[in-house]
Amino acid sequence: MCVSAEPVLTGDIAVVGAGAAGLYAALSAAAQGAAVVLVSATPLAQTASYWAQGGIAAALAVEDSFERHLADTQAAGRDAVRSSAAQVLVREAPERVRDLERFGVRFDADRHGVLALGLEGGHSLRRVVHAGGSATGRRIVRQLSALAADEPRITVMEDARAVSAWMRDGRCVGVALDDGRGVRARATVLATGGAAALWSRTTNPPGSLGIGMSLAHAAGADLADLEFLQFHPTAVVGVCGREGFLVTEAIRGEGATLHGPDGERFVDELAPRDEVARRITALLTQSGATAVGLDMRRVDPSLFPNVVSALQDAGLDPTREPIPVSPAAHYMMGGIVTDLHGRSTVPGLYAIGETACTGLHGANRLASNSLSECFVFGARAAHAGLDEPAPAAGEQSQTKPVAALARPARATQEALWRDAGIVRTREGLERLLDDPHPLARLIAACALYREESRGAHQRADCPATDVRLDHHHAVVGADERPRAVSWR
Ligand SMILES: Cc1cc2nc3c(=O)[nH]c(=O)nc-3n(C[C@H](O)[C@H](O)[C@H](O)COP(=O)(O)OP(=O)(O)OC[C@H]3O[C@@H](n4cnc5c(N)ncnc54)[C@H](O)[C@@H]3O)c2cc1C
């Protein structure tokens, strides 16, 4: 550790990351009168939030209920869901949707103003609020960014990358940036997104590299569930310039079907994602084909205008032909361990959105629960962070910078795809333990530790689910050795 220079900016809350979670937390804190510093490494279009298509899951339909949303979340999560966190999510998601409407986000509605709800895999009824058809993320991020830019209590630092935590007496008191500046605050909220771009085939923007997880771990925070990386079943394959482009599950909710090389359907298209991805992978392995066909010819293209036009730009016409798709790394269920208010295991350091692990997704996230999570836990962290003590002036230490980890080698990305992909083996995971990238090694350690198959984590050498591991999470602390924790 080295002693840092004095920070150049001071706020009540430092928010790192300007995707859905960071923007929402910043606005929530500012609404309570807090001075917020919002740090973002990339332009808006490079956040996963901007790319989100399907929408936000919330029990808003008359025939829906919190209990039903909870049951679907738990069933998709394969008995590894932390039910206290899932209960918070299902109870608070509807009010966060209303807040977004108050923030000026216009969700799709019928001519009577009743919200149009989409259907996605694992949901027992229509529950997904969307905007602009499949342009949900873009609409939300644009609106929240405009509000943040206009909010005098929020100082935005664009093109700035947090590289390490500032620590004082065991507390996190801010972050250091890669340009020598820094932010000091009562609470530092990491909203840095997921890690799926560590895998070579991914639906994510290139910045989803788990930087926040590495930064938090370097500061002594626990990480958990790193073996649970969701593979999205339907990402475009074999099309130059559109490799990994996601075709939202909501399109299957409107009747699109999946077909094997023989043209036959082979899976319930609206089963939870782990199951559909696994069935596609098995079929591709067995047949030697590189893609299955997603037939959306019976779906009204005007419902999903941005997906249809992106496919057409790539030379594919979804109104005339099936689209070649196969699974790709999509969503990190694991991350920085937090309580129900976004607090990590390091005082003063918070995590929200995809970089956090509240445990609510268990072994397999229910579709569209992640945006809900960004808003529900973003608001909670913004409230809790304001109760932290103001950091005293004086010297602080700086944890080891993670900048060197920003760009993984192509070999690491290929190794994760090969050895921590949809079906894993002990041999492959042991090989990954020697990878030069520290986060890849932690992922391998968690995946080796979980000697069973569950949700998104499938081991060819341990193909069955071990009921003794229900509700158990693999937590890695500073010693980098996983241990099992049971959360409720
Ligand atoms: C194609 C696609 C479609 C999806 N569709 C849906 C959907 O329909 N519904 C749903 O619920 N979920 C969906 N998801 C998942 C969901 O979009 C993400 O889980 C969620 O948006 C993550 O939001 P976030 O705010 O945590 O992170 P992000 O949106 O990824 O934002 C991360 C932010 O952190 C910044 N950052 C990273 N590192 C640093 C650093 N060191 N210093 C400063 N800033 C940093 C980045 O620049 C960025 O601003 C989808 C994901 C993808 C990729």
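Here the structure is shown first, and the text comes after it.
Caption draft 1: Broad picture of the overall build of the protein. The helix and strand inventory of the protein stands at 13 helices and 21 strands. Each principal axis of the C-alpha distribution contributes one length, and for the protein these read about 70 × 55 × 40 Å. Within the span of the protein, comprising 488 residues, buried residues form 62% of the whole. Accessible surface, the protein as shown: approximately 18,100 Å² in total, 50% of it carbon and sulfur. In the protein, which carries 49 positive and 57 negative side-chain charges, the distance between the mean positions of the two groups comes to 1 Å.

Caption draft 2: Up close: the sheet that holds strand 5 (residues 117-118). Strands sit in the order 4-6-5 across an open sheet of three strands; the sheet is antiparallel. What marks the edges here is a single partner per strand, and that holds for strand 4 (56-57) and strand 5. In terms of strand pairing, strand 4 meets strand 6 (residues 128-129) through two bridges, oriented antiparallel. Residue pairing across strands places Ala57 opposite Val128, the latter belonging to strand 6.

Caption draft 3: Structural detail: the side chain of Glu373. One can find Glu373 in helix 10 (residues 369-385). Comment: no salt bridge for buried Glu373; closest opposite-charge side chain is Arg365, at 7.4 Å. Look past the residues within four positions of Glu373 in its chain and what remains in contact with it is Leu89, Tyr331, Gly353, Thr358, Leu360, His361 and Gly378.

Caption draft 4: Fine view of helix 6 (residues 211-218). Within helix 6, seven of the eight residues are buried, which leaves the element mostly enclosed by the surrounding structure. Gly220 lies just past helix 6 and shows a positive phi near 100 degrees.

Caption draft 5: Local environment of the pattern of salt bridges. In the structure shown here, the tally under the stated rule is 34 salt bridges. A salt bridge links Arg201 to Glu243; the nearest nitrogen and oxygen atoms lie 3.3 Å apart. Note that Arg201 is positioned in the loop between strand 10 (182-190) and helix 6 and Glu243 in the loop between strand 12 (229-236) and helix 7 (249-253), a separation of 42 residues in sequence. Looking at Arg201, the relative accessible area reads 13%, which means it is buried. Among the residues examined, Glu243 registers a relative accessible area of 44% and is labelled partly exposed.

Caption draft 6: Geometry of the site of the ligand. Residues in contact with the ligand amount to 38 residues; listed here are only the nearest, Thr42, Ser49, Gly54, Glu354 and Ser370. In the model, a nitrogen atom of the ligand is placed 2.9 Å from a nitrogen or oxygen of the Ala162 main chain. A distance of 3.4 Å separates an oxygen atom of the ligand from a polar backbone atom of Ala191. Of all the secondary structure elements, the ones that give two or more residues to the shell around the ligand are helix 1 (20-31), strand 3 (36-40), helix 2 (48-51), strand 15 (323-332) and helix 10. Looking at the shell around the ligand residue by residue, the class counts come to 17 nonpolar, 18 polar and three charged.

Caption draft 7: Expanded view of the pairing of strand 2 (residues 9-16). Both strand 2 and strand 10 contribute to a ladder of seven bridges, which runs parallel. Bridging from a neighbouring strand, Thr10 pairs with Arg184 of strand 10. Bridging between strand 2 and strand 3 involves four bridges; their strand directions are parallel. Within strand 3, the residue paired with Ala14 across the bridge is Val37. Once the chain exits strand 2 it traverses helix 1 before rejoining the sheet at strand 3, and the crossover so formed is right-handed.

Caption draft 8: Spatial organisation of the sheet that holds strand 12. Strand order in the open sheet formed by four strands is 12-15-14-13, with antiparallel pairing between adjacent strands. Two strands in the sheet have a free side with no partner beyond their single neighbour: strand 12 and strand 13 (257-259). Neighbouring strand axes in the sheet, compared pairwise and without regard to direction, differ in orientation by 45 degrees on average. With six bridges connecting them, strand 12 and strand 15 associate as antiparallel partners. The residue of strand 15 that forms the bridge with His232 is Ala328.

Caption draft 9: Here's a closer look at the packing of helix 1 against helix 10. At their nearest, the axes of helix 1 and helix 10 sit 8 Å apart, and the two run at 35 degrees to each other. By crossing handedness, the relation of helix 1 to helix 10 is classed as right-handed. Along the contact surface, helix 1 presents Ala20, Ala21, Tyr24, Ala25, Ser28 and Ala29, while helix 10 presents Leu371, Cys374, Phe375, Gly378, Ala379 and Ala382. Of the residues that constitute the contact of helix 1 with helix 10, the class distribution is 10 nonpolar, two polar and no charged.

Caption draft 10: Quick look at the packing of aromatic side chains. Across all of its chains, the model carries three aromatic pairs by this definition. Between the aromatic rings of Tyr24 and Phe103, the centroid separation amounts to 5.8 Å while the plane-to-plane angle is 80 degrees, which identifies the pairing as edge-to-face. With Tyr24 in helix 1 and Phe103 in the loop between helix 4 (83-102) and strand 5, this residue pair connects regions lying 79 residues apart in the sequence. With a centroid separation of 5.1 Å and an interplanar angle of 65 degrees, the aromatic rings of Tyr24 and Phe375 are classed as edge-to-face. Within this pair, whereas Tyr24 is found in helix 1, its partner Phe375 is found in helix 10, the two being separated by 351 residues in sequence. In terms of burial, Tyr24 and Phe375 fall into one category: buried. Among the aromatic residues, those joined into a cluster by ring pairs are Tyr24, Phe103 and Phe375. One residue, Arg242, lies across the ring of Phe245, its end atom 4.9 Å from the ring centre. Positioned over the ring face of Tyr331 is Arg365, at 4.2 Å from the centre of the ring.

Caption draft 11: Fine view of the environment of Asp268. Within the secondary structure, Asp268 is located in the loop between strand 13 and helix 8 (273-287). Between the C-alpha atom of Asp268 and that of Gly348, which follows or precedes it by 80 residues, the distance is 45 Å. Within the structure, Asp268 has its side chain in polar contact with the backbone nitrogen of Leu270 (distance 2.9 Å).

Caption draft 12: Quick look at helix 3 (residues 66-76). Among all positions of helix 3, only His69, Leu70, Asp72, Thr73 and Ala76 are buried. The arc enclosing the buried residues of helix 3, seen along the axis, measures out at 165 degrees, which places them on a common side. Packing partners of the buried residues in helix 3 comprise strand 4, helix 4 and helix 10.

About the thresholds
In this convention, every chain numbers its residues from 1, walking through the sequence in written order. Given that this is a predicted model, residues contribute local features only at a pLDDT of at least 70 and side-chain atom pairs are listed and counted only at 80 or more, while totals for whole chains, interfaces and linings are drawn from all residues. To obtain the side-chain values, all non-hydrogen atoms of the structure were used and water was disregarded. Helix and strand definitions here come from DSSP, where helices need a minimum of 4 consecutive H or I residues and strands a minimum of 2 consecutive E residues; each element is numbered from the N-terminal end. Only protein chains enter the accessibility calculation, which uses a 1.4 Å probe; a residue whose area is less than 20% of its type maximum is buried, one above 50% is exposed, and one in between is partly exposed. Exposure was quantified through the Shrake-Rupley algorithm and a 1.4 Å probe, taking into account, for residues, occlusion by the shown protein chains and nothing else. Here Asp and Glu are counted as negative and Lys and Arg as positive; His is not counted, and neither are the chain ends. Note on charges: their place is set at NZ of Lys, CZ of Arg, CG of Asp or CD of Glu. Note on pairing: two strands pair once DSSP finds at least 2 bridges between them. Each reported salt bridge corresponds to a side-chain nitrogen of Lys or Arg within 4 Å of a carboxyl oxygen of Asp or Glu. For this analysis, residues touch if any pair of their heavy atoms sits within 4.5 Å. Proximity is defined per residue: any heavy atom of the residue falling within 4 Å of a molecule or strand makes that residue near it. We define a polar contact as two N or O atoms separated by no more than 3.5 Å, with the added condition that, inside protein, one atom must be a possible hydrogen donor and the other a possible acceptor, whereas residues neighbouring each other in sequence contribute only through side-chain atom pairs. Here the nonpolar group is Ala, Val, Leu, Ile, Met, Phe, Trp, Tyr, Cys and Pro; Asp, Glu, Lys and Arg are the charged ones; every other residue, Gly included, is treated as polar. The handedness of a crossover follows from its direction of travel: if, with the strands pointing away from the viewer, the path from the first strand over the helix to the second runs clockwise, the crossover is right-handed. Lines fitted to C-alpha atoms define the axes, with helix axes restricted to the stretch in contact, and inter-axis angles between N-to-C directions lie between 0 and 180 degrees. Left-handed is the label given to a crossing in which the near helix is rotated counterclockwise from the far helix by less than a right angle, and right-handed is the label when the rotation is clockwise. To pair, rings of Phe, Tyr and Trp, with the six-membered ring standing in for Trp, must have centres within 6.5 Å; the planes then decide the type, stacked if under 30 degrees apart, edge-to-face if over 60, and tilted in the middle. Definition used: whenever NZ (Lys) or CZ (Arg) falls within 6 Å of the ring centre and also within 35 degrees of the ring normal, the charge is taken to sit over that ring. Directions from the helix axis toward the C-beta atoms define the arc.

Limitation: the analysis is restricted to geometry and does not speak to function.
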